[in-house]
Amino acid sequence: MAGKFIRYNFLYIFTFFIFFVTLYLHFLRNDFSVVFSDQFYPTTITSSIANLVLHENFPFSSFPIPSVSILMPDWEIYVIIDYPHFHQSDFYCVFYTGEETPAVPAAELPFPARLVFKCDFPKTARRSLPFKQPTLRGSSVNAYHRNSPSSELLRWTFLVYDSLTTDNDVVLFVKGLNKRRGINRKPAELTCIFGDAVRTAVTSSVQEVFRCKPPDNLAGKEPIKVSIEIVGPTPEVVPTITYYTPPRQISSQKKAKLCACTMVYNVAKFLREWILYHSRIGVEKFILYDNGSDDNLATIVNELVEEGYDVKTHFWLWPKTQEAGFSHSVIFAKDSCSWMMYIDVDEFVYSPSWSNLTQPSKSLLPSMLQNLEEEDNVAQISIPCYEFGPSNQKEHPTKGVIQGYNCRRRTENRHKSIVLLSAVDNSLLNVIHHFKLKTGYNVKKLNVFEMVVNHYKFQAWPEFKAKFRRRVSTYVVDWTKPSNLGSNDRTPGLGYSPVEPIGWKSKFCEVYDNGLKDLTHTWSIVHFVAPSNALAEISHVLCRQNS
């Protein structure tokens, strides 16, 4: 009897063992073939398995890693995973055709912490619709068969791509709802959705910025997806990659009088000069919206921070969204900055009235802003721009753009702004570096004798060509296509092909202007703008000579 009992127990235990092993292998296989769907609800996986996969000693690193993928312009794919910290160096996007392309880490999204990879979309995989999401693997899988069927790729042209929470509402950044400038959906046509059921009213709909009433009873819960719904007989929810977040702003010990915000892409060689100059005339903090740089920008930023400059980088991978990025910055920086200057890294603010100063002063810009605040509620100043040409330069000037480019077009073109963040209209509407203000606040336009922006726009051809394709332009969606040829965003005489025009070195040269060049030479700022690698080389040469 006892032997029979033992045999039954053995069979019972053995059966359960087989069952659990089978179940484990089932989830191991299927969980890693899961790709986040383009629905707005998040997919979850077993965290313990995920941690094993991302561990450097786990032997099954070739298993697919749960991800969500977005088809971007130029057949590029962004792949987002929930695990920003990993030990492996090589990742691959594997497509349903069996093809694979390298996945390059591009950025971290802040909340919840996620890592973004970039990979190319193979031509073969583009031949059938709908496009399918790739899987992300931690090693090459040339020996593997085709992936199992996956969900459809999200499209950049119709997507909720970021959000911010304020004390009073939630701000969503959405591509594809308001498709044309000045033509916006009415807030009543839309609803915000939190999680799978909570809906709130949309209070503002302008450009790519939508403001929602905050949800109730969500405090303390796990991060939940947030999206926006087009109401109607057949409601449509916009796919989303963003979450309802707690309030986010730049951490700061004190509020700066003046900050500068710009959107950057591969500007490492130019950044030091821009930071050093503007910090000497009163800019206290610098906020860089990184549009997907793959140069050594992070190295330069770290060096500047170590030298005592307050420089923050915010990853903003989204193409052609400069205005949305600036709207984002108004909320993101409101607790850290009073005034914000919106200019590009190739632009330098300068006043001819400073020409008699032998030294720069950090009170030059803040004192002017203080006077404006007391003058008829001025909350935004508009500064005219002069556009400088190549000035016979063949390559990037070793002493920086201020010293290298001194010939410009005669007439001013466009304006840039410095704005009081607390005075920006609730819609966050901005057009070409200028914001709509709340009722009661005024804009003051300065003339070129009071202040001007030196815009070193048309530089030596190798530098200009590098910027040609990725320019953050609003009205020229793709510079390589023959559309909007008359736009002011296009370069006169250049067309849509990045081929050096005849006589480029002398183009746009109508007036020699040495005002800022001479001033920075007097201030000795020119001696501090050499790139870090150049400084290292100079130091190395001096050490050799001394030895």
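Computed from a predicted model, the values in this text were never measured in an experiment. (Residues numbered from 1 in each chain as written. Predicted model: local features only at pLDDT ≥ 70, side-chain atom pairs only at ≥ 80, totals over all residues. Heavy atoms only, no water.)

1. Details of the pairing of strand S19 (residues 347-350)
Residue alternation in S19 divides its side chains into two sets, Glu347 and Val349 and Phe348 and Tyr350, and both sets are buried. Looking at chain direction, S19 and strand S26 (residues 452-455) are connected through four bridges and run antiparallel. Among the inter-strand pairings, valine 349 is bridged to a residue of S26, identified as valine 453. (Buried < 20%, exposed > 50% of the residue type's maximum accessible area, 1.4 Å probe, protein only. Helix = DSSP H or I, 4+ residues; strand = E, 2+ residues; numbered from the N terminus. Pairing = 2+ DSSP bridges.)

2. Let's talk about the state of the cysteines
Going through the model one piece at a time under the given rule, you end up with four disulfides. With its bonded cysteines labelled in order along the sequence, the protein shows the pairing 1-2, 3-4, 5-6, 7-8. Here cysteine 261 stays unpaired: no disulfide links it, and the sulfur of cysteine 337, its closest cysteine neighbor, is 8.8 Å away. (Disulfide = S-S within 2.5 Å.)

3. Points about the environment of aspartate 310
Inspection of the secondary structure assignment puts aspartate 310 in strand S17 (residues 310-315). A C-alpha to C-alpha distance of 9.6 Å links aspartate 310 and cysteine 259, two positions 51 residues apart in sequence. For aspartate 310, the contacting residues outside a window of four places in its chain are Glu284, Lys285 and Phe286. Here the side chain of aspartate 310 touches lysine 285 through a polar contact of 2.7 Å, side chain to side chain. (Contact = heavy atoms within 4.5 Å. Polar contact = N/O pair within 3.5 Å; in protein donor to acceptor, adjacent residues only side chain to side chain.)

4. A word on the sheet that holds strand S8 (residues 159-165)
Spatial ordering of the open sheet is given by S8-S9-S12-S11-S10-S13-S14, a layout of seven strands whose pairing is antiparallel. If you trace the sheet from one side to the other, it starts and ends with S8 and strand S14 (236-237), each paired once. Here four bridges tie strand S10 (residues 190-194) to strand S11 (residues 198-206), and the two strands are oriented antiparallel to one another. Among the inter-strand pairings, threonine 191 is bridged to a residue of S11, identified as alanine 201. Lying on the sheet, helix H5 (residues 322-332) is in contact with S8, strand S9 (170-175) and strand S12 (209-212); it crosses S8 at an angle near 20°. (Axes fitted to C-alpha atoms, helices over the stretch in contact; angles between N-to-C directions.)

5. Description of the packing of aromatic side chains
Tallied over the full model, the rule gives 29 aromatic pairs. When the ring of tryptophan 354 is compared with that of tryptophan 523, the centres are 6.5 Å apart and the planes differ by 35°; the resulting orientation is tilted. Of this pair, tryptophan 354 sits in the loop between S19 and helix H6 (364-373) while tryptophan 523 is found in the loop between helix H9 (515-522) and helix H10 (532-546), placing the two residues 169 residues apart along the sequence. When the centroid spacing of 5.7 Å and the interplanar angle of 85° are considered together, the rings of tryptophan 504 and phenylalanine 508 count as edge-to-face. Here tryptophan 504 and phenylalanine 508 have matching classes, each one buried. An aromatic cluster is present here, built from Tyr78, Trp156, Tyr161, Phe173, Tyr289, Trp316 and Trp318 joined pairwise through their rings. (Phe/Tyr/Trp six-rings, centres within 6.5 Å; stacked < 30°, edge-to-face > 60°.)

6. Let's talk about the packing of helix H3 (residues 268-280) against helix H4 (residues 297-306)
Packing of H3 against H4 leaves a shortest axis separation of 9 Å and a crossing angle of 25°. One finds that H3 runs roughly parallel with respect to H4. The chirality of how H3 crosses H4 is right-handed. Contacts between H3 and H4 involve Ala268, Leu271, Arg272, Ile275 and Leu276 on the former and, on the latter, Leu297, Ile300, Val301, Glu303 and Leu304. (Parallel < 35°, antiparallel > 145°, perpendicular 65-115°, else oblique. Left-handed = near helix turned anticlockwise from the far one by under 90°.)

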